Amino acid sequence: MLQIISLLLENKPGALMRVTGLLTARGFNIESLTVARTLDPELSRMSIVVDVEPHLRSQVIKQMNKLVNVLQATDLTDCPAVAREMVLLRVRSQIQTRTAILKEAEIFGARVVDNSTEGFALEATGDTEKLDEFIDIMRSYGEIEVTRSGVVAVSLEAKKLRLAPPVPTSGAREREEAAASTK
Amino acid sequence: MSGALILLECLVREGVDVIFGYPGGVTLPLYDAMYDHPIRHVLVRHEQNACFAAEGYARSTGRVGVCCATSGPGATNLITGLVDSLMDSIPVVAITGQVTSKLIGSDAFQEADTFGITRSCTKHNFLVKNVADLPQIVHEAFYLASSGRPGPVLVDIPKDIFQAQSHYKPVDEIHLPGYKIYADGHTGQIRRAAQMMWDAERPMVYAGGGIIHAEASAELQTLVETLDAPSVCTLMGLGAMPSNHPNFISMPGMHGSYAANMAITHADLLIALGVRFDDRVTGRLAAFAPHAKVIHLDIDPAEIGKNRTADLPIVGDCKRVLSKLNRILLEMRATEGPKNESARRAWWGQVRGWKDEHPLTPEISDTEIKPQHLISEIDRISGGEAIVTSDVGQHQMWSAQFVRFNHPRLWINSGGLGSMGFGLPAAIGAQFANPHKLVFSIVGDGGFQMSIPELATIANNGLPVKIVVMNNGYLGMVRQWQELFYNNRLSSVTLDGFPDAEKLAGAYGFKGRTIESPLELRSALEEMVAEPGPYLLNVKVSPFENVYPMVPAGGAINEMVLRNPQPVAASD
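Structural notes, computed from the coordinates.

Cut-offs and rules
- Residues numbered from 1 in each chain as written.
- Chains lettered and ligands numbered in written order.
- Predicted model: local features only at pLDDT ≥ 70, side-chain atom pairs only at ≥ 80, totals over all residues.
- Helix = DSSP H or I, 4+ residues; strand = E, 2+ residues; numbered from the N terminus.
- Rg over C-alpha atoms; globule rule 2.2 N^0.38 Å.
- Contact = placed C-beta atoms within 7 Å.
- Buried ≥ 20, exposed ≤ 12 C-beta atoms within 10 Å, placed from the backbone.
- Pairing = 2+ DSSP bridges.
- Axes fitted to C-alpha atoms, helices over the stretch in contact; angles between N-to-C directions.
- Core = buried A, V, L, I, M, F, W, Y, C linked by C-beta atoms within 7 Å.
- Parallel < 35°, antiparallel > 145°, perpendicular 65-115°, else oblique.
- Left-handed = near helix turned anticlockwise from the far one by under 90°.
- Expected span 1.5 Å × (residues − 1).
- Nonpolar A, V, L, I, M, F, W, Y, C, P; charged D, E, K, R; others polar.

Right, let's get into the overall build of chain A. Summing up its helical and strand segments, chain A has five helices and 10 strands in all. In terms of overall size, chain A is more extended than a compact globule, its C-alpha atoms giving a radius of gyration of 23 Å where 183 residues would be expected to give roughly 16 Å. Dimensions along the principal axes, computed over C-alpha positions, put chain A at roughly 90 × 35 × 30 Å. Counting only contacts in chain A whose residues sit at least 6 apart along the sequence, the fraction spanning at least 24 positions is 72%.

Residue and element names in this part refer to chain B. Most of strand E11 (residues 269-273) is tucked away, with five of its five residues classed as buried. Residues Leu-269, Ile-271 and Leu-273 point to one face of E11 and Leu-270 and Ala-272 to the other, with burial holding for every one of them. Relative to E11, strand E8 (residues 203-207) is paired through five bridges, and the arrangement is parallel. Each residue of the ladder has a partner; that of Ala-207, found in E11, is Leu-273. Relative to strand E12 (residues 293-298), E11 runs parallel, the two sharing five bridges.

This next bit is on the sheet that holds strand E2 (residues 29-37) of chain A. Strand pairing within a sheet occurs via backbone hydrogen bonds; the two strands may be parallel or antiparallel. Residues and elements named next belong to chain A. Strand order in this open sheet of four strands is E2-E3-E1-E4, and the pairing throughout is antiparallel. Only two strands of the sheet have a single neighbouring strand rather than two, namely E2 and strand E4 (70-75). Neighbour-to-neighbour, the strand axes of the sheet open up by a mean angle of 15°, direction not taken into account. Inspection of the sheet shows strand E1 (residues 2-10) paired to strand E3 (residues 43-51) by nine bridges, in the antiparallel sense. Along E3, the bridge assignment pairs Leu-7 with Met-46. Across the sheet, helix H2 (residues 57-66) is in contact with E1 and E4; its angle to E4 comes to roughly 170°.

A few words now on H2(A). Because an α-helix packs 3.6 residues into every turn, residues spaced three or four apart end up facing the same way. All buried positions along H2(A) are accounted for by A:Val60, A:Ile61, A:Gln63, A:Met64 and A:Lys66. Those residues of H2(A) that are buried are in contact with E1, helix H1 (15-25) and E4 of chain A.

Bringing the interface of chain B and chain A into the picture now. Contacts between chain B and chain A engage 26 residues on the former and 25 residues on the latter. When contributions to the side of chain B that touches chain A are tallied by element, the ones reaching two or more residues are helix H5 (114-117), strand E5 (124-127), helix H6 (134-146) and strand E7 (173-174) of chain B. Sorting elements by how many residues they give to the side of chain B that touches chain A places H6(B) first, with four residues. The pairing of strand E10 (residues 167-168) of chain A with E7(B) spans two bridges and is classified as antiparallel. If you follow A:Pro168 over to E7(B), its bridge partner there is B:Glu173.

On to the nonpolar core. The biggest cluster of nonpolar side chains holds 205 residues, and the ones touching the most others in it are B:Cys67, B:Val93 and B:Leu270. Here this core takes eight residues from H6(B), the largest share from any one element. If near-sequence neighbours (up to four positions away) are discounted, B:Leu270 is found in contact with B:Met204, B:Tyr206, B:Ile264, B:Ala289, B:Ala292 and B:Val294. Judged by nonpolar contacts, the second largest core, of 11 residues, contains A:Leu89, A:Val91, A:Ile101 and A:Phe120.

Okay, unusual backbone geometry next. Residue and element names in this part refer to chain B. Here Tyr-548 and Pro-549 are connected by a cis peptide whose omega angle stands at 0°. Following the sequence through the fold, Pro-549 ends up in the segment after strand E19 (535-540). A positive phi angle is found at Ala-289, which is not glycine, with a value near 45°. Among the secondary structure elements, Ala-289 is positioned in the loop between helix H12 (279-282) and E12.

All names here are of chain B. Two elements in contact, helix H15 (residues 371-382) and helix H22 (residues 518-530), have axes separated by 10 Å at closest approach and are oriented at 40°. Here H15 lies oblique to H22, going by the angle between them. Here the hand of the crossing between H15 and H22 comes out right-handed. Of the residues in H22, those touching H15 at His-373, Leu-374, Glu-377, Ile-378 and Ile-381 are Pro-518, Leu-521, Arg-522, Leu-525 and Val-529.

All names here are of chain B. Its 18 residues place the ends of helix H13 (residues 318-335) 25 Å apart at the C-alpha level, agreeing with the 26 Å of an ideal helix rising 1.5 Å per residue. Within H13, burial applies to Cys-318, Lys-319, Val-321, Leu-322, Lys-324, Leu-325, Asn-326 and Leu-329. Looking at the packing, one finds that the buried side of H13 touches helix H8 (187-199), helix H9 (209-213), helix H10 (217-227), E11, E12 and strand E13 (312-315).

As a further point, take the packing of helix H3 (residues 47-61) of chain B against helix H4 (residues 73-88) of chain B. Two quantities define a packed helix pair, namely the angle between the helix axes and the distance between the axes. Residue and element names in this part refer to chain B. Two numbers describe how H3 lies on H4: the axes approach to 7 Å, and their chain directions differ by 30°. One element, H3, and the other, H4, form an angle in the roughly parallel class. Crossing angle aside, the handedness with which H3 passes H4 is right-handed. Residues Glu-47, Gln-48, Cys-51, Phe-52 and Glu-55 of H3 pack against Gly-74, Asn-77, Leu-78, Thr-80, Gly-81, Leu-82, Asp-84 and Ser-85 of H4. Residue composition of the contact of H3 with H4, by class: four nonpolar, six polar and three charged.

All names here are of chain B. Pairing is parallel across the open sheet formed by six strands, whose spatial order is E2-E1-E3-E4-E6-E5. Every other strand in the sheet has two partners, leaving strand E2 (40-43) and E5 as the edge strands with one partner each. Across this sheet, the average inter-strand angle for adjacent strands is 20°, counted without regard to direction. Here strand E3 (residues 65-69) pairs with strand E4 (residues 92-98) via five bridges, running parallel. Its bridge partner lying in E4, Cys-68 is registered against Ile-95. This element, H3, spans strand E1 (18-21), E2, E3 and E4 of the sheet and lies at about 170° to E3. H6 rests against E4, E5 and strand E6 (152-158) of the sheet, and its axis sits at about 165° to E6.

Within the secondary structure, A:Met17 is located in helix H1. Separated by 17 residues in the primary sequence, A:Met17 and A:Thr34 place their C-alpha atoms 13 Å from one another. With residues near it in sequence (within four places) discarded, A:Met17 still touches B:Gly116 and B:Arg119.

And the structure:
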């Protein structure tokens, strides 16, 4: 079953590898993964869609939360959340089908981002099922090429972010204790 | 200050007194700095053993063990040790050299992607890109290795970082916002747990390595005594309860005792403390403690519900949570008074009955040295006080069954990963950390031959490690399985050509001896212990002895095989 995970993680080298490695080490197949910076440039937001057996879902979240670079891992599968995807699609078209293609694109709310005598490049966003349909329909008009972004998701509820406070190094702790004992 | 000196300064601040390592091309600047530095460097003979020795140091003290290797082959040789520490949650910091920053990614000489390779072998790892980050990273590494659920952390340092000059500014604070430790335990859950314990009719304490990591054995004992519950300790938890404690049953699991496994099967409350319901303990999971509600206490939230659903989970540090539990239980004892007295008495009667029915008793023969006999003689000398290290296999299981441990951190073995060749280098680390303690390294003839090079380390440093090779001429545990489950087709398990122990030890400059008569056993062991230096005792034991009880793979733990199903004909 597909699980949608939203991760807030530190933008550090190797952080992506740790997340994907955790999934591959358990034999889970990643359906899609997107990652980009957040408002805080030191943090990234990652949306992952992964095929996980339902009883292992909470285990995956716990393991993600254990990663040192991960600040928060949330399972959005059954939570109030919006999950959307974008597709860029190039369709070759004959002169006689051009109008029909534009009509269909309009129905799906797609935008024309390139237009030539060869055909169109279209941009559409929506949930995965809707985009599947869009792609199917476009295929019926001729040869197409498709690039999908993978799912990006946002939770509709605010979830409190709990962070670990700073701790003294062991050397500093000993010095403090020594200072306290001499007082 | 050079990066190398900054690193050493940080290690001093972390209280490091010894590093187990092996130098190489890219760590030359570090080794040059170590040349006249107070931190002691112990030169091992293979990097894998550097990590095992660091584990021996860490397991016997609770402090972080440190090992060091060069780039490429040095780093890849550490891998087994890193995974070993990861599986058993042992605090180890590994420092590896890396090729000069500019050469990374160019397939340079002795380059390996250590950072990538060790991602899944460590709790966390670092690649240092800037000498200014070095102090922060080193202190973070020690903090990560030793806190929460401990584990190995690797710091990969390019050669130019060792050489770079920088102004050293001490780091006093670590901030890892994503690294959360829930140590205190949920107060309500703790209270509910105490009530469940007090109300149980057939409670059973199942304690593991987490008790030892948390230094919580005193709290565990108090809990067990307050509840007057029978208790078992897993392979990693042996020593958490003193072996001679009246409430201590023994080890559960695949080669656990009959009483331990039967008691778990019949308990109505399983109090799981610092354990992870490992498959070697549970056997067929669905049939493990089938009548019991489970209280599961662990510092690692991911362990809760991983294998067995907990009826009452508590995420927390064993020491802190157990002392809170004990306070509540003592209050309950005072206010509520004893509960279910007759049921509890009946439960103890049952447990004692199982103990009497099939006690763990060593096989002894007049004509050949039985391996169990050897172990119980070592136990007699140790009296529950010596450090004993082992590899993996039959000798490990017999040691776990027949050696008593009165304190934590005496029993040092490779549990989760089950690495052959662990025992000897681990004994080196343990002996360095405990110079005045008696250290036995009980190893099989297979594992011993994987770590023979370390005899040089032992000899060079005059470490008085007592090496006992339980020599049955086979890879005993593999042979046992071939015998029982593969029609006795003994495929590639015969270890012929074991060297003459006296000559072998003599070649390294210390004493060695081979014995095969049970009449010599006691005096040979005494001679070995009386020797002030290292000693290699090769004990030829009966070759076809098997470890029992045994739960066949996939079986429930109450479905134990208690002895050989049929006498096996010894092939000449």
